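Given next are the chains, with one letter for each unit.
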Amino acid sequence: LLATGIGGFARKEFKTWGVIFACLGCKAVSIWLSCSYLAKDFLISFQKHVAVYGKPAMILSDKGSQLTSAAKDLQEWEKYRQERPTGDQIADPAWS
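Below you will find a few notes about this structure.

Conventions used here
Residues numbered from 1 in each chain as written. Predicted model: local features only at pLDDT ≥ 70, side-chain atom pairs only at ≥ 80, totals over all residues. Heavy atoms only, no water. Helix = DSSP H or I, 4+ residues; strand = E, 2+ residues; numbered from the N terminus. Buried < 20%, exposed > 50% of the residue type's maximum accessible area, 1.4 Å probe, protein only. Contact = heavy atoms within 4.5 Å. Areas by Shrake-Rupley, 256 points an atom, 1.4 Å probe, with all protein chains shown as cover. Phe/Tyr/Trp six-rings, centres within 6.5 Å; stacked < 30°, edge-to-face > 60°. Pairing = 2+ DSSP bridges. Polar contact = N/O pair within 3.5 Å; in protein donor to acceptor, adjacent residues only side chain to side chain.

**As for the overall build of the protein**
And then number 1: Per the secondary structure count, the protein includes two helices and four strands.
And then number 2: Of the regular secondary structure in the protein, the N- to C-terminal order runs β-β-β-β-α-α.
And then number 3: Residues counted as buried form 24% of the 96 residues belonging to the protein.
And then number 4: A separation of at least 24 residues holds for 25% of the contacts in the protein among residues at least 6 apart in sequence.
And then number 5: Total accessible area on the protein is roughly 7500 Å²; 60% of this is exposed by carbon and sulfur atoms.

Shown next, in the form of structure tokens:
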């Protein structure tokens with residue numbers, strides 16, 4: 001996708017990637033724009049999706065390198081969150 005916007009005094013074009021989330025149960029689809037094809041930017045889109053629609057019970061994806069990297073990061077994050085004491089919660093509304 002190419003997004004065109006006005007930045008400063010000149011028009012600018014920049015490349016964006018669409019991240020598509022589809023619910024297999026109700027066939028709902030949401031699309032979020034990502035700045036790049038990196039795992040970090042995918043996780044930002046995923047965090048936005050979770051903040052609006054809630055945490056999915058299961059995630060199915062292709063085996064792209066950035067998605068497998070993001071999956072490892074998510075597993076490490078969940079493990080870290082479970083090991084922390086209950087009184088010391090991380091304030092992140094997307095994971096609530």
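Additional details are given in the paragraphs that follow.
**Concerning the packing of aromatic side chains**
And then number 1: One pass over the structure, following the stated rule, counts four aromatic pairs.
And then number 2: Look at Trp17 and Tyr37: their rings are 6.2 Å apart centre to centre, the planes differ by 35 degrees, and that puts the pair in the tilted class. Of this pair, Trp17 sits in strand β3 (residues 17-22) while Tyr37 sits in the loop between β4 (29-34) and α1 (39-53), and the two are 20 residues apart along the sequence.
And then number 3: Between Phe21 and Phe46, the aromatic rings sit 6.1 Å apart at their centres with planes inclined by 45 degrees, giving tilted as the arrangement.

**Quick notes on the pairing of β4**
And then number 1: Where β3 meets β4, six bridges bridge the pair, whose relative direction is antiparallel. The residue bridging Val19 from the neighbouring strand is Trp32, located in β4.
And then number 2: In this structure, the hairpin formed by β3 and β4 is closed by a connection of six residues, where Lys27 is found at a positive phi of approximately 65 degrees.

**Let's talk about the side chain of Ser34**
And then number 1: If you trace the backbone, Ser34 turns up in strand β4.
And then number 2: Side-chain polar atoms of Ser34 contact the backbone oxygen of Ser36, separated by 2.8 Å.
And then number 3: Those residues in contact with Ser34 that sit more than four places away from it in its chain are Thr16, Trp17, Val19, Asp41, Phe42 and Ser45.

**Notes on unusual backbone geometry**
The phi torsion of most residues other than glycine is negative, and most of the peptide bonds are trans.
And then number 1: A positive phi is found at Lys27, a non-glycine position, where the angle reads about 65 degrees.
And then number 2: With respect to the helices and strands, the residue Lys27 is situated in the loop between β3 and β4.
And then number 3: Relative accessible area serves as the criterion here: at 64%, Lys27 is assigned to the exposed category.

The quantities given are spatial measurements derived from coordinates; they are silent on function.
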